[in-house]
Amino acid sequence: MTFQQIKNILNDNTPQSVEDLAQEAAKLSRRQFGGAISLYGPLYLSNFCSSHCTYCGFNSHHKIERIKLAPHQYRNEMQFIHAQGLRNILMLTGESYKHTPVSYLKEAALIASEYFQGIALEAHPMETFEYKELFTAGVDGIAVYQETYDRARYAQVHLSGRKKDYDFRYATAYRAAEAGMRHISLGILLGLSDPVYDTFALYQHLRELEKSFPGVEYSVSFPRLRTVKTASLASCDVNDVQFVKIIALTRLLFPRMGINLSTREEPKLRDHLLEIGITRMSAGSNTSVGGYTLLEKKAQDPQFDTKDGRSVDEIVKSLKSRNFDPVFTDWRHIENGL
Ligand code: SF4
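Not measured: the values here are computed from a predicted model.

*Asks:* For this particular structure, what's the right way to read the overall build of the chain?
*Replies:* In terms of regular secondary structure, the chain is built from 12 helices and 11 strands. The C-alpha atoms of the chain give a radius of gyration of 19 Å, which matches the 20 Å a tight globule of 338 residues would have. Projecting the C-alpha coordinates of the chain onto the three principal axes gives extents of approximately 55 × 45 × 45 Å. Buried residues in the chain amount to 45% of all 338 residues. Pairs at least 24 apart in sequence give 79% of the contacts found in the chain among residues at least 6 apart.

Put into structure tokens, the structure is as follows:
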């Protein structure tokens, strides 16, 4: 589909066209995935970051308490997430090569393997050999979002640090795939730049990757900018209708692709988006380092404020009541064969 075609679809806000798009996507989602919805829990390991991204509460210029969890502390957090029933974990850090080197992430992965079947990582972009090490330690997926594909806008909001390097970030998914990662998640931060252009460019990125590494399972995320205690750039001009259409169009163009949704969105909208194309969602989330077991709420500095505060049990009940099947384990780690 050309840029102009995507633009026409995403800019057509007549109620009938929105409804038609959403219904077509909903039918296709049910046909491809049944009602399976994978659940995962995010775990923030560290908020040290050497990059300055204007939209993020963890950026190096914000005066927040910097914390890096020690092994006994993240083990407690893992046990907490595990006790809620979750078996897939997404470990996150700020982007600091110094504070969260591969050795630190490897140790976290090895401990996570005691509790979780699926271990994904969202940390600083690495080289292929580093991803290989992490893969061997049990990490089976990575998330790396370009945030925006508009190079000029990218330069405006990524002021310093490694994240400033657009091309290195763009090529991260290729390096992770070369290293053998099973699952790779890409995404854009809606509200940073023109959503039509970014959506189109994200689709191109995915198509390129699918061609180069057809064996990898890809998924996409469309986080929208949200307020955080410390961030000044915290608005979002992508409204709910546009958001629904982006999810629906993604489903129609990528019928088998996973689409992730975090707790940035309100429960009502999350529930609606499930019908249209979401296949994977976080549950019972806390976006602060040590937020589950270490720090009291008022001492926490979240990366973003969550809007869906339902527990894992509540989400499971809600899914079942609407004929979805919550999935806790869709993958089990065996020998990597490296
Ligand atoms: S978005 Fe990532 S790299 Fe940028 S400031 Fe936040 S944690 Fe650091």
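So, next bit.
*Asks:* Looking at this model, I keep getting lost on the packing of helix α3 (residues 71–83) against helix α4 (residues 102–112). Mind explaining?
*Replies:* Between two packed helices, both the angle of their axes relative to each other and the distance between the axes serve to describe the pair. Running from amino to carboxyl end, α3 crosses α4 at an angle of 40 degrees, the nearest separation of the two axes being 10 Å. Overall, the two elements α3 and α4 adopt an arrangement that is oblique. With respect to the hand of their crossing, α3 and α4 are arranged in right-handed fashion. Residue-level inspection shows P71, Y74, R75 and M78 of α3 in contact with α4, the latter providing E107, A108, I111 and A112.

*Asks:* In this structure, what is going on with the nonpolar core? I would like to understand it.
*Replies:* It is characteristic of soluble globular proteins that their nonpolar side chains tend to be buried jointly. Counting 81 residues, the largest nonpolar core has L43, L45, I89, M91 and I247 as the members making the most contacts within it. Residue contributions to this core peak at six residues, all from strand β1 (residues 36–46). In this structure, M91 is in contact with L43, L45, A108, A112, I119 and L121, ignoring residues within four places of it in sequence.

*Asks:* How should I be thinking about the pairing of strand β8 (residues 217–221) in this particular structure?
*Replies:* For a regular strand, side-chain orientation follows a simple rule: the groups alternate between the two sheet faces. Two strands pair when backbone bridges link them, and strand β7 (residues 183–187) and β8 are joined in this way by five bridges, in the parallel orientation. When the sheet's bridge partners are listed, S185 is paired in β8 with S219. Note that the unit made of β7, helix α9 (residues 195–212) and β8 has a crossover that is right-handed. With three bridges connecting them, β8 and strand β9 (residues 258–261) associate as parallel partners. Pairing of S221 across the sheet is with N260, part of β9.

*Asks:* Please clarify how the site of the ligand should be interpreted in this entry.
*Replies:* Within the structure, the ligand sits among C49, S51, C53, C56, F58, N59, G94, E95 and K163. Classifying every residue of the shell around the ligand by side-chain character gives four nonpolar, three polar and two charged.

*Asks:* Just checking my understanding: could you explain unusual backbone geometry for this structure?
*Replies:* For residues besides glycine, phi is generally negative; the peptide bonds are generally trans as well. A positive phi angle, close to 75 degrees, is found at E147, a residue other than glycine. Summarising the element assignment, E147 is placed in the loop between β5 (141–143) and α6 (151–157). Positive phi outside glycine occurs at N323, with the angle close to 65 degrees.

*Asks:* So what exactly am I meant to see when it comes to α4 here?
*Replies:* Every α-helix carries 3.6 residues per turn, so stepping three or four residues along brings you back to the same face. Along α4, the residues classified as buried are Y104, L105, A108, A109 and A112. The buried residues of α4 occupy an angular sector of 135 degrees when the element is viewed end-on, so they sit on one face. Where α4 is buried, its residues touch β1, α3, β3 (88–93), β4 (118–122) and α5 (128–136).

The rules we used
Residues numbered from 1 in each chain as written. Predicted model: local features only at pLDDT ≥ 70, side-chain atom pairs only at ≥ 80, totals over all residues. Helix = DSSP H or I, 4+ residues; strand = E, 2+ residues; numbered from the N terminus. Rg over C-alpha atoms; globule rule 2.2 N^0.38 Å. Buried ≥ 20, exposed ≤ 12 C-beta atoms within 10 Å, placed from the backbone. Contact = placed C-beta atoms within 7 Å. Axes fitted to C-alpha atoms, helices over the stretch in contact; angles between N-to-C directions. Parallel < 35°, antiparallel > 145°, perpendicular 65-115°, else oblique. Left-handed = near helix turned anticlockwise from the far one by under 90°. Core = buried A, V, L, I, M, F, W, Y, C linked by C-beta atoms within 7 Å. Pairing = 2+ DSSP bridges. Right-handed = clockwise from strand over helix to strand, strands pointing away. Near = placed C-beta within 6 Å. Nonpolar A, V, L, I, M, F, W, Y, C, P; charged D, E, K, R; others polar. Arc of directions from axis to C-beta.

Just geometry here; none of it tells us what the structure is for.
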